[in-house]
Amino acid sequence: MKESKVRDLLINQLEIFESGLEFLDKEKYLPNVEGTRSFIDILAKDRQGKFVIIEVKRANASSRQAIHELLKYVEAIKENKSLKEDELRLMVVSTVWNELLIPFSSFVQRVNLDTKGFQIDFLADKKTYKAIEVSIVPVTENRLISNSHAVRYYYTEESLNNGIKEHENSFDVLGVRDYVLFVLEAPENYLDMVKASIGYSRDLMNEKLGSYEKNNQFMSKIDEHYNYKFMIYSGNTLLTDHEYSDILSKNYEYPEVFDETMEDESRPKLDKLEELNAMLTECEPFPDADYTEIGYPAKFENILDEQKWKIRDVHRYGRLKDNELLKDEVLVREFRGSAGTTKQKYKSELDFDSKANINRVIDEIDFCLSDNIVWKNHILSIINELKKETAIVKSSCIISNPMNVIYTIHLSTTRPNGIEFLPLYELIVEKENQRDTYLGYLGYKKKKEFSLNEIWDTFFDGSPTMFFYSLIWGGYDENNLKICEELGLEYKTIKIVERDEQFQFYKFENYTFNKVDELYPLGELEQFIDENEGFVEEINDLFEENHLGNGVYSI
């Protein structure tokens, strides 16, 4: 039966899709100022008075054209009737969906339009239909490396090579196709570093706890147990919730925990996927290794930057291997957390000529700063204004968002490179003869009365123990903005315009940049430290008392 015949039969039974639909026209012609022609199969109106475009398809060949035609119809009817997108709805009706389902699913998930699809089938009389709403399938999201990694150590080249094969087998059995294996070599002084760290920690524990005696036999075994030569650091891209469901329902040891996570609709999608991926790392088969640890972005940074392990090889699999434009150094940055998934770091180029790039950056910043709404609102407001400019040559954004002001105060006042631990963002916009730098920093609002005990009572159940628990996974604290408010600190933004070696400064207030005299952003935090010297000393004393060495604190 031709599409026109199907269309004419459906006109008299629109209630099979939704009660209250009112037929308005068929083959509705919509002129377009660009000269293209649009003929809508069925134009209807729903009970809320919204226009409903119903596109009818009969065969796979025509199904593949449906999405292109929908986009054309949407723009045409918006132009002809001066509609807003929320005054318009779409329905795709087809007897055949095997070719249409994926492009339709992608369309639904990527546009801000109320869109439904229906499978229609003849009833016995050959003149009436039944309609079943189509469930969309998940489509591939932007590449996101999970924060749940694994670290496996090896003594010999032979055990390393076997470990690579075991990793490949493990991911293959579980059905994970897109993953990376970083093969690293230990630094020459790695064993000395381990000895120094363990010895220091042991001596401190002897001193603090009085329950350990120096044991030369224990120290001698370090050579045997910690003399690793190689490491495989592995991780995968985040899967869809459907893929996790399929894998974990068969392999995860605690089905009740898995079910609870899957049914939790209150959590942000990315947080939920990260929790599911953490479960995935606990599923057998486990690759062979001489020693195994969990990994996460901050740990990967420490392995590379502090411990000085060297990346020897990067083994890529699945689509990560097929993407010949994806450089290894980009993957290294993403494993470090540069895509914002840790909510503490972000780095990306901005291309204001590419809508896809800007939309991706906006989404990533929105997630990275989901608990720092001050900076998030500042940066997204700035980007939306920059989208209107036409003279931008190059732009980039770097965010350091350590959401733990107590830990920040300690690190910034006790480390030689303390400035590196401060909250800071730079959004740099280069124009032909000008450079604009949008700079975010932690500023001092006003002096307030507070004590460290009040901070523990208000935010950490009355004890620093809960605070030190937060340091296990990098120190991220969702209450950080409230703690800053309690201390009289706030997140601020300024703009620095450089032109002809001259600088002008602007302060961001009430979403407007107002010109001010020269500003020194770090000066405000220095003022806070000077005015609250006793509080800062109390914080640093607490860290020193509880430090067991190598970044480990007693709880």
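Bear in mind that the values here come from a model prediction, so they are computed numbers and not experimental data. (Residues numbered from 1 in each chain as written. Predicted model: local features only at pLDDT ≥ 70, side-chain atom pairs only at ≥ 80, totals over all residues. Heavy atoms only, no water.)

Regarding unusual backbone geometry
Line of reasoning, step 1. The amide bond that connects Glu284 to the next residue, Pro285, takes the cis arrangement and shows omega of 5°.
Line of reasoning, step 2. Positionally, Pro285 belongs in the loop between α11 (269–280) and β10 (291–295).
Line of reasoning, step 3. In this model, Asp461 sits at a positive phi of 55°, which is unusual for a non-glycine residue.
Line of reasoning, step 4. In this fold, Asp461 is placed in the loop between α18 (452–459) and α19 (464–470).
Line of reasoning, step 5. For Glu501, which is not glycine, the phi torsion reads 60° and is therefore positive. (Helix = DSSP H or I, 4+ residues; strand = E, 2+ residues; numbered from the N terminus.)

Some points on the packing of helix α9 (residues 241–251) against α11
Line of reasoning, step 1. The interhelical angle for the contact between α9 and α11, taken along N-to-C directions, is 25°, at an axis separation of 10 Å. On the basis of their axis angle, the class for α9 and α11 is roughly parallel. Judged by the sense of rotation from one axis to the other, the crossing of α9 with α11 is left-handed. Residue-level contacts link Asp241, Tyr244, Ile247 and Leu248 of α9 to Leu273, Leu276, Asn277, Met279 and Leu280 of α11.
Line of reasoning, step 2. Here the contact of α9 with α11 is built from residues that sort into seven nonpolar, one polar and one charged. (Axes fitted to C-alpha atoms, helices over the stretch in contact; angles between N-to-C directions. Parallel < 35°, antiparallel > 145°, perpendicular 65-115°, else oblique. Left-handed = near helix turned anticlockwise from the far one by under 90°. Contact = heavy atoms within 4.5 Å. Nonpolar A, V, L, I, M, F, W, Y, C, P; charged D, E, K, R; others polar.)

Quick word on a negative patch on the surface
Line of reasoning, step 1. Judged by side-chain charge, Glu526, Asp530, Glu531, Glu533, Glu537, Glu538, Asp541, Glu544 and Glu545 come together as a negatively charged surface patch.
Line of reasoning, step 2. Residue assignment for the negative patch shows that the elements contributing at least two residues are α21 (521–531) and α22 (533–546).
Line of reasoning, step 3. Ranked by the residues each element gives to the negative patch, the list is headed by α22, at six residues.
Line of reasoning, step 4. Among the structural elements, Glu538 can be located in helix α22.
Line of reasoning, step 5. For Glu538, a relative accessible area of 38% translates into the label partly exposed. (Patch = residues over 30% accessible without salt bridge, like charges linked within 9 Å, V, L, I, M, F, W, Y side chains within 5 Å. Areas by Shrake-Rupley, 256 points an atom, 1.4 Å probe, with all protein chains shown as cover. Salt bridge = Lys/Arg side-chain N within 4 Å of Asp/Glu carboxyl O. Lys, Arg positive; Asp, Glu negative; His and termini not counted. Charge placed at Lys NZ, Arg CZ, Asp CG, Glu CD. Buried < 20%, exposed > 50% of the residue type's maximum accessible area, 1.4 Å probe, protein only.)

Quick word on the nonpolar core
Line of reasoning, step 1. Residues Ile365, Ile383 and Leu487 are the most contacted members of the largest nonpolar core, which totals 53 residues.
Line of reasoning, step 2. Sorting elements by how many residues they give to this core places helix α16 (residues 373–386) first, with six residues.
Line of reasoning, step 3. Those residues within four positions of Leu487 in sequence are excluded, and the remaining contacts are Val405, Ile406, Ile409, Tyr444, Lys446, Lys448, Phe450, Ile455, Phe528 and Phe535.
Line of reasoning, step 4. Core analysis: the second largest hydrophobic core is formed by 28 residues, Leu238, Leu270, Met279 and Ala339 among them. (Core = buried A, V, L, I, M, F, W, Y, C linked by side-chain atoms within 4.5 Å.)

Comments concerning the pairing of strand β15 (residues 435–444)
Line of reasoning, step 1. Across the ten residues of β15, nine count as buried, placing the element largely inside the fold.
Line of reasoning, step 2. The pairing of strand β14 (residues 424–431) with β15 spans seven bridges and is classified as antiparallel. Within β15, the residue paired with Tyr425 across the bridge is Gly440.
Line of reasoning, step 3. Between β14 and β15, which follow one another and run antiparallel, lie three residues.
Line of reasoning, step 4. Bridge count for β15 against strand β16 (residues 489–499) is ten bridges, and the pairing is antiparallel. Within the sheet, the bridge partner assigned to Arg435 lies in β16 and is Glu498. (Pairing = 2+ DSSP bridges.)

As for the packing of aromatic side chains
Line of reasoning, step 1. Enumeration according to the criterion identifies 32 aromatic pairs in this entry.
Line of reasoning, step 2. Ring geometry for Trp375 and Tyr425: centres 5.1 Å apart, planes at 90°, overall edge-to-face. With Trp375 in helix α16 and Tyr425 in strand β14, this residue pair connects regions lying 50 residues apart in the sequence.
Line of reasoning, step 3. Sitting above the plane of the Phe367 ring, Lys343 keeps its charged end 5.0 Å from the centroid.
Line of reasoning, step 4. Sitting above the plane of the Tyr506 ring, Lys495 keeps its charged end 5.9 Å from the centroid. (Phe/Tyr/Trp six-rings, centres within 6.5 Å; stacked < 30°, edge-to-face > 60°. Lys NZ or Arg CZ within 6 Å of the ring centre and 35° of its normal.)

Some thoughts on the pattern of salt bridges
Line of reasoning, step 1. Applying the stated criterion across every chain yields a total of 33 salt bridges.
Line of reasoning, step 2. Arg143 is the salt-bridge partner of Glu334, the closest N and O atoms lying 2.8 Å from each other. Here Arg143 lies in the loop between β6 (129–133) and β7 (149–154) and Glu334 lies in helix α14 (residues 328–335), a separation of 191 residues in the sequence.
Line of reasoning, step 3. Judged by relative accessible area, which is 13%, Glu334 ranks as buried.
Line of reasoning, step 4. In this structure, Lys343 and Asp371 form a salt bridge, with 3.6 Å as the shortest nitrogen-oxygen distance. Here Lys343 is found in the loop between α14 and β12 (345–350), whereas its partner Asp371 is found in the loop between α15 (355–368) and α16, with 28 residues between them in sequence.
Line of reasoning, step 5. Each of the salt bridges in this network shares a partner with another, and the network as a whole consists of Arg7, Asp8, Lys26 and Glu27.

A short note on the sheet that holds β12
Line of reasoning, step 1. If you walk across this open sheet you meet the seven strands as β12-β13-β14-β15-β16-β17-β18, and the pairing is antiparallel. Every other strand in the sheet has two partners, leaving β12 and β18 (512–516) as the edge strands with one partner each. Pairs of neighbouring strands in the sheet enclose a mean axial angle of 20°, with direction left out of account.
Line of reasoning, step 2. The sheet contacts of helix α20 (residues 480–487) involve β15 and β16, and relative to β16 the element is tilted by about 90°.

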